[in-house]
Amino acid sequence: MPDSKTPAILAFVMVLVGIALAATHGILHGSIAGGIIAAAGAIPACYGMWKGIQQETQGTLALSVTAVLGSLVIGGLLIVMAVVSWLH
């Protein structure tokens, strides 16, 4: 049986890539591309949630839920910060 935590780990890596991309432009200015990459981390995390439900493993499910929430929050913050930076 393949490791079901891999999608959640991929989601966290995508969040880190989004933050790193935003940091290249100044972390307080945000980044549209970084936000999209970070928010897209919710896709593999949702797959990980599905795998966790199918395998009835609480650890995988909890890690995947955390990855979904983290991806969406960080991605949203990076996008909002970029828009506020443009308007300021």
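Residues numbered from 1 in each chain as written. Predicted model: local features only at pLDDT ≥ 70, side-chain atom pairs only at ≥ 80, totals over all residues. Heavy atoms only, no water.

Digging into the side chain of Thr-60
Thought 1: Along the chain, Thr-60 falls in helix 4 (residues 58-87).
Thought 2: Residue classification places Thr-60 among the buried positions, given a relative accessible area of 2%.
Thought 3: Leave out the neighbours within four places in its chain, and Thr-60 touches Ser-4, Lys-5, Gly-48 and Gly-52. (Helix = DSSP H or I, 4+ residues; strand = E, 2+ residues; numbered from the N terminus. Buried < 20%, exposed > 50% of the residue type's maximum accessible area, 1.4 Å probe, protein only. Contact = heavy atoms within 4.5 Å.)

Some words on the nonpolar core
Thought 1: Among the nonpolar cores identified, the biggest contains five residues, and these are Ala-8, Ala-11, Ala-45, Ala-67 and Val-68.
Thought 2: Elements with a contribution of two residues or more to this core: helix 1 (6-24) and helix 4.
Thought 3: Here Val-68 is in contact with Ala-42, Ala-45, Cys-46 and Met-49, once residues within four sequence places are set aside. (Core = buried A, V, L, I, M, F, W, Y, C linked by side-chain atoms within 4.5 Å.)

Some points on the packing of aromatic side chains
Thought 1: By the definition in use, this model includes one aromatic pair.
Thought 2: Here Tyr-47 and Trp-50 contribute two aromatic rings whose centre-to-centre distance is 5.8 Å and whose plane-to-plane angle is 35°, an arrangement assigned as tilted. Here the residue Tyr-47 and the residue Trp-50 both occupy positions in helix 3 (residues 42-55), the gap between them amounting to three residues, near one helical turn.
Thought 3: Look at Tyr-47 and you get partly exposed, because its relative accessible area is 44%. (Phe/Tyr/Trp six-rings, centres within 6.5 Å; stacked < 30°, edge-to-face > 60°.)

Considering the confidence of the model for the chain
Thought 1: Per-residue confidence for the chain gives a mean pLDDT of 91; residues scoring 70 or more make up 98%.
Thought 2: Taken element by element, the chain is modelled with least confidence in helix 3, mean pLDDT 92, and with most confidence in helix 2 (residues 32-40), mean pLDDT 95. (pLDDT = per-residue confidence, 0-100.)

Some remarks on the environment of Pro-44
Thought 1: Relative to the assigned elements, Pro-44 resides in helix 3.
Thought 2: It is 27 Å that separates the C-alpha atoms of Pro-44 and Leu-28, two residues lying 16 residues apart in sequence.
Thought 3: Pro-44 has contacts with Pro-7, Leu-10, Ala-11 and Met-14, leaving out every residue within four places of it along the chain.

Here we look at the packing of helix 1 against helix 3
Thought 1: Here helix 1 crosses helix 3 at 160°, and the two axes come no closer than 7 Å. On the basis of their axis angle, the class for helix 1 and helix 3 is roughly antiparallel. For the pair helix 1 and helix 3, the sense of crossing is left-handed. In this structure, helix 1 contributes Pro-7, Leu-10, Ala-11 and Met-14 to the contact, and helix 3 contributes Pro-44, Ala-45, Tyr-47 and Gly-48.
Thought 2: Partitioning the contact of helix 1 with helix 3 into residue classes produces seven nonpolar, one polar and no charged. (Axes fitted to C-alpha atoms, helices over the stretch in contact; angles between N-to-C directions. Parallel < 35°, antiparallel > 145°, perpendicular 65-115°, else oblique. Left-handed = near helix turned anticlockwise from the far one by under 90°. Nonpolar A, V, L, I, M, F, W, Y, C, P; charged D, E, K, R; others polar.)

Some points on helix 3
Thought 1: With 14 residues, helix 3 extends 20 Å between its outermost C-alpha atoms, agreeing within 8% with the 20 Å of an ideal straight helix rising 1.5 Å per residue.
Thought 2: Within the sequence span of helix 3, burial applies to Ala-42, Pro-44, Ala-45, Gly-48 and Gly-52. One side of helix 3 holds all its buried residues, which, seen down the axis, span an arc of 160°. Across from the buried face of helix 3, at angles greater than 90 degrees, the exposed residues are Ile-43, Ile-53 and Gln-54. (Expected span 1.5 Å × (residues − 1). Arc of directions from axis to C-beta.)

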